[in-house]
Structure formats: C-alpha cells, structure tokens
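# Remarks on the overall topology
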Amino acid sequence: MENHITQISREDLDDLRDAFNKIDIDNSGYVSDFELQELFREASFSLPGYKVRQIMETFIAGDTNKDEKISFEEFVGIYQELKSKEFSETFKKTITRKDGIRSFGGMSGNSSEGTQHSYSVEEKVAFVNWINKALAKDPDCQHLLPMNPDDDSLFRSVRDGILLCKMINLSQPDTIDERVINTKKLATFKMTENLVLALNSASAIGCMVVSIDAHDLMAGKPHLVLGLFWQIIKVGLFADIEISRNEGLIALLEEGEELEHLMSLSPEELLLRWVNFHLRNAGTETINNFSEDIKDSRAYFYLLDQVALQEEDNFKMKVKIDISGLSEPDLNQRAELMLQQAALLDCRQFVSPHDVTSGNSKLNLAFVANLFNMHPLQKSHISDMYASHIEAETREERTFRNWMNSLGVSPNVNHLYWDLCDGLVIMQLFEKINVPVNWKKVNKRPYPPLGANMKKLENCNYAVELGRDVAHFSLVGIGGQNLNEGSSMHTLALVWQLMRRYTVQVLSDLGDGEKVGDNIILAWINTTLGPKNKHAHISSFKDKLISTSLPVIELIDVIAPGTVKWDMVRKQERGMMHNDDKLNNAKYAVSLARKIGARVYALPDDLVEVNPKMVMTLFACLMGHSLNKATMKKT
C-alpha cells in the first residue's frame, strides 16, 4: 500500500485526504463501503452506481481484515487501481490537479499534523461576487463590502460574524433575529458571540458544522470558510427547487412515471431534469451531468434561449438570446459569449468561462440553480391533475430533516420519508445516539436491480429491531414495512424518539448516565429561575405561558447575565399578549439561545404554538449548555 501512496503526487494525495475527511464525519479513520460513491463524488470522480458496485466487489474480495470499512490507505489503493492500465478502459480518470487550486499548511480537527488543505480559487471568486451583489445594500456590511475577489478578503470577512449571519438570513429568511447580532464596539468576545450564533443557526437550517468552531472562523481557515459558505448558499439556492413550492415542476414528469417518484428526486436531479426539459423542447441533445457535458457551452446556449422564450410567452420579459456563439471554435471564448447572453437574463453568477470549460460541477450547479430560481417553470395545465396530491413539507418535518443533515448523514436528506425508506440514514442516527449498529447486517447502496426493495425492507426491519430492543424506544405498531413504505406517522414516531434521545444525551452524560425525563428538565427550569422569577415558572411543556417566550428569555437571563436587552422584550398586559408580540418574543428568544451557545433546532412558531416536543428540546438544549458551562468552570 505504501508504494501506492508514493506514486501519487503530493497535490493529488492532499485532495484525496480532504475528500476522505469530508465523508469521515466521525473522525474514525474509516468510511463505510456504502459511502464510497459519495466519497468518489467528493473526490471529483463521476461514476455511476453500478461501476462503484464493481469496485466494491473487487475490494471486498481482497479485503484482508474483512471489516467492510475503508481506510484512507485503502481508498488510495483503489484510486491507484483506477489509474492502472487494467481499469483504464472501464473507468475514466477525472481526478486531476486543476488550475486554480491552492494548498496551505495547518492543523485541523479532522487531520494529523502537517496535513495540507486545498481550496479552490474559482469558488472563492464566485462566492465573493455573489455576496458582494446580494448584500451590497446591507448597512451592517458596509465595513466589509465590496470584497476583492482577487485577495483573501473573504476569509477575513467572517471574523466578526456579521456577514455569516446576514448570509444565513439571505438563504433562509428570519432564521436569525437581527436584533441579536452584535454590530457595534466589536471586541473579541462580541465577535465570538456572533460566530456562535451563526454556527448554531447554520446548523438549524441543515448545514453540517460539527467540525467547525468560532476559533476556526476567526482564524479565517480557507477550506472551512469556503465549505461553510457553500453549504449556506446551497441551502438558499435549493430552497424552492421542490414541487410543493413550485408546481410547475410537475411538467418534468416523464411518461409512465408516478408523481411520488418525481417528488422523491433531489434538487440536483430536478435541476438536471429541468435543463433537459428545455433541451428537448429545443430539439437538441440532453445532458447527464453539470461537469463534462456542459464544457462546450452548447447546452447552456439552448437552455438560455428556451428560458427567454418561456419568459416572452408569459409576458414577463422580451429578451432575444443570440446563440451564434456556438460557432466559436475556442471553448473559452464560446463560454464568454454564452455568459454574455446569461447576463441579459441577469443570471451571470457563479461561473467564469474557465469554470464552464473546466467542468467545475459545484459552480455550474450553482449557476443553473440560480437560473432556475430567476426563471422557474410556470404552473401548467398538467399541474391541475396533481395539485390535490401535493402536500407541502410541514414545519416539524423540516426541523427533523435539518437536524439530520446538520449531523452529516449520508446521503443528504431532501425528503424525510423517501430518503429514509431504506433505513441507512436511520442506522447512522442510531450511531449518533450511541446505539451500536452491526453494519454486516445492513444492505449497502447501490442495491441490485432485482430485489432492491427487499434489501431496503430488511434494513428497515433491522432499524426497528435496534429501536425496540437496544434503544428501548416505544415502537408499538411500527414495523419495518411502515418505514419502507414511507408512512409519515410511523416514520415521524421513530425520528422524534431519535431526536429526543440525541437532545437529552448530553444531559445524561453530564449527569453520570442518569436517564433524563421531562420532570428532571422541568425541575431544573423552575429551580434555575428561582423564587425571584416565579411568574415565569412552568408546570409542563404544554404550559400556555410558554407562548409568550418569557420563561425562555428569563432563563437565558439567568444562564448568561447581561445577554437579554429587556427593551426588546414584549411584556404581558393583564395576563394577555397579542400574537404579533408573542412571535416577536419567540424570534428573539430562539436567536438568543443560539447566541449563548445552545444548538437549538426549535423554531419561533413552536414556542408561540406551544409545540411540547420542540419546546422540550429547546429547554433541554439550554439545560445542557448551562450544565456544561458549569462543569467547565469547575475543571
């Protein structure tokens, strides 16, 4: 194996290490074999599932320790095999050292001393230009903008946390109550508060930030800053690429396809369908990816032309796209001509001509997503047939989905029920709550064409077995088939218990393993508030007083004195409070909780409506933060 490593250039080895670290989210030094396809994708390979399966069959046959897990050295060995003559006809090598990649030394929580991390200059330039445009008029960002895309301004811009908070709100409006952001007299402590607020808020919208802390961001570590910005930007770009938010997407149904299958597709898959929908209308060849197939700009020229025709048909705008640039033989110049046409639609964001011709899949995906958001498919007559079958994601479902994604489950969860129906994500969540999973009993992706659903059902049966017999969850009437079929009621029942266990787990750890029930959390709340704040005491997580958020705000004031600005808090008058005032308090309370360091997934509406499940998680997070803070002081 050592010979394999020495034959690879240092630059390529660094890239492989970075890709491996992104997938090895628990820092175990291994990835599971079912994560291999995601690892290839992170390492810039473009391999379909059946080819990954062939690679795994070869690997397992020669796996000396038979653990079905892949170490970094083993992954490097697979990479070497792909480079060899034996595999050259079957697999196209796409890992190369691209222009525009910079390496820098440093330490990382995920890596050993001396590891070098790489970052893409193209991505930095794209993100700087996007942020400059998006926040140009924000008064709180004028000390940072416009940033220079040609220097390291982006990495320095995150130091005070303001820009990150603003970008989170740009992607998911109202995530952060901006009254909580420190904008004046920014000492190091105040900047750290902003960064903690940003990280906990990013987690709440589904970004994985488990390997990043405020010190990393204050230091401006390029690979971490770019990774976080990409996650935040991606959340915003993908927010509306979902059928319940845009019924026009139903036009992408293929002949004989069920609506449920279309709804189960990821945003990336829907974007590819959307592009090909327009390319078919243009009578030209479709594409299979946003890397190799877009390098010649052909697909983009026709896509822009069709989008312009669509807008003209809808009487929205009249723009004539010039596709004569297709005759330009120089691909970089052709890409520039194409982007000039994109500018006519106000969609020349994220990519340069070089990003197109080099097939930068991440930036091209962002380019297409932005184009879709600016010019989506309009609701057609086809939609009327299916409108009654489309249900928007509930607030509870979105909270659960964001929680899972923030933990770094693979693959990413886009649809709570369809993406959990093979049990693999659920199994990863069990490991997050310290329930051991025997991965030898788990059927991994990709599944065989025949009997795929049986393999998924076996996984779901095992997931229920773990929940019932090991985690001791209440799963009466829940079987593997319910999860496999995407039953909302049964899936939510299991997921809630997983989230609850995860939330109170830290309390058990701090309390010497004592099982934490609602009564213990309630007792802590009322004891912490003390006799001086008796008017904020609560009797249960259904207490109507919680709708005012006053118990939460009072508790934060005790835990972190001086944090609450009481002139921003609405008080009850004669025991009553208007709903607008309740929501105002709830937004303030949730953001304050995140600012002092509690990783809260509950939303303001959960407090106003007194959703007892989410209310419990919020108080449990505050309790965990407070006890952890007290423990650290003792040590």
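Residues numbered from 1 in each chain as written. Predicted model: local features only at pLDDT ≥ 70, side-chain atom pairs only at ≥ 80, totals over all residues. Heavy atoms only, no water.

### Remarks on helix H7 (residues 121–134)
Counted at 1.5 Å a residue, the expected span for H7 with its 14 residues is 20 Å, and the 20 Å between its end C-alpha atoms agrees. Judged by how many residues are buried, H7 sits mostly within the fold: ten of 14 residues are covered. Looking at H7, one finds that the buried residues are Val121, Glu122, Glu123, Lys124, Ala126, Phe127, Val128, Trp130, Ile131 and Asn132. (Helix = DSSP H or I, 4+ residues; strand = E, 2+ residues; numbered from the N terminus. Expected span 1.5 Å × (residues − 1). Buried < 20%, exposed > 50% of the residue type's maximum accessible area, 1.4 Å probe, protein only.)

### Notes on the environment of Ala202
Note on placement: Ala202 falls in helix H10 (residues 188–204). Along the primary structure Ala202 and Leu228 are separated by 26 residues, whereas in three dimensions their C-alpha atoms are 8.5 Å apart. Once residues lying within four places of it in the same chain are set aside, the contact partners of Ala202 are Ile168, Cys207, Val209 and Leu228. (Contact = heavy atoms within 4.5 Å.)

### Considerations on the nonpolar core
Membership of the largest hydrophobic core comes to 179 residues, with the highest contact counts inside it found for Trp274, Phe430 and Ile521. The element contributing the most residues to this core is helix H12 (residues 222–238), with eleven residues. Setting aside its immediate chain neighbours within four residues, Ile521 contacts Val504, Leu507, Val516, Phe541, Met616, Phe619, Ala620 and Met623. Membership of the second largest hydrophobic core comes to 18 residues, among which are Ala19, Phe40, Ala43 and Phe75. (Core = buried A, V, L, I, M, F, W, Y, C linked by side-chain atoms within 4.5 Å.)

### What about the packing of helix H24 (residues 518–529) against helix H25 (residues 550–559)?
Contact geometry for H24 and H25: axes closest at 9 Å, N-to-C directions at 65°. At the point where H24 passes H25, the crossing takes the left-handed sense. On H25, the residues touching Trp524, Ile525, Thr528 and Leu529 of H24 are Pro551, Glu554, Leu555, Val558 and Ile559. Of the residues in the contact of H24 with H25, the class split is seven nonpolar, one polar and one charged. (Axes fitted to C-alpha atoms, helices over the stretch in contact; angles between N-to-C directions. Left-handed = near helix turned anticlockwise from the far one by under 90°. Nonpolar A, V, L, I, M, F, W, Y, C, P; charged D, E, K, R; others polar.)

### Considerations on unusual backbone geometry
Cis geometry marks the peptide bond from Leu145 to Pro146, where omega comes out at -5°. With an omega of -5°, the peptide bond running from Arg445 to Pro446 counts as cis. With respect to the helices and strands, the residue Pro446 is situated in the loop between helix H20 (424–432) and helix H21 (452–470). Positive phi outside glycine occurs at Lys185, with the angle close to 50°. Position of Lys185 among the secondary structure elements: in the loop between helix H9 (162–171) and H10. Positive phi values are uncommon outside glycine, yet Asp346 reaches one of about 60°. On the basis of relative accessible area, Asp346 is assigned to the partly exposed category, the value being 40%.

### Observations regarding the side chain of Glu554
Assignment of secondary structure puts Glu554 in helix H25. Despite its burial, Glu554 pairs with no opposite charge, the nearest such side chain being Lys571 at 7.3 Å. Excluding anything up to four places from it in sequence, Glu554 contacts Leu529, Asn533, His535, Ala536 and Trp566. (Lys, Arg positive; Asp, Glu negative; His and termini not counted. Salt bridge = Lys/Arg side-chain N within 4 Å of Asp/Glu carboxyl O.)

### Here's the deal with the packing of aromatic side chains
Using the criterion set out here, one finds seven aromatic pairs in the structure. Relative to Phe372, the ring of Trp274 lies with its centre 5.3 Å away and its plane at 90°, an arrangement referred to as edge-to-face. Here Phe372 lies in helix H18 (residues 361–374) and Trp274 lies in helix H14 (residues 267–281), a separation of 98 residues in the sequence. In this structure, Trp274 and Phe372 share a single accessibility class: buried. (Phe/Tyr/Trp six-rings, centres within 6.5 Å; stacked < 30°, edge-to-face > 60°.)

### Quick word on the packing of helix H15 (residues 298–313) against helix H16 (residues 331–344)
Taken N-terminus to C-terminus, the directions of H15 and H16 make an angle of 15°; their axes are 10 Å apart at the nearest point. Compared by their axis directions, H15 and H16 come out roughly parallel. Once H15 is placed against H16, the crossing between them reads as left-handed. From H15, Tyr300, Phe301 and Leu304 reach across to H16, where they touch Arg334, Leu337, Met338, Gln341 and Ala342. When grouped by side-chain class, the residues that make up the contact of H15 with H16 number six nonpolar, one polar and one charged. (Parallel < 35°, antiparallel > 145°, perpendicular 65-115°, else oblique.)

### Focus: the pattern of salt bridges
Counted according to the given criterion, the structure contains 24 salt bridges. Here Arg401 makes a salt bridge to Glu393, at a shortest N to O gap of 2.6 Å. Overlapping salt bridges, with partners in common, bring together Asp138, Asp140, Lys166 and Glu178 in one network.

### Digging into the confidence of the model for the protein
Low pLDDT means the predicted atomic positions in that stretch should not be read closely. When pLDDT is averaged along the protein, the result is 86; 84% of the residues meet or exceed 70. When pLDDT is averaged over each helix and strand of the protein, the minimum, 39, is found for helix H1 (residues 2–7) and the maximum, 98, for H9. Low confidence marks residues 1–6, where pLDDT is under 50. Its contacts with residues over four positions away, or in another chain, come to nine contacts. Taken as a whole, residues 105–115 scores under 50 in pLDDT and shows 16 contacts with residues more than four places along the chain or in a different chain. (pLDDT = per-residue confidence, 0-100.)

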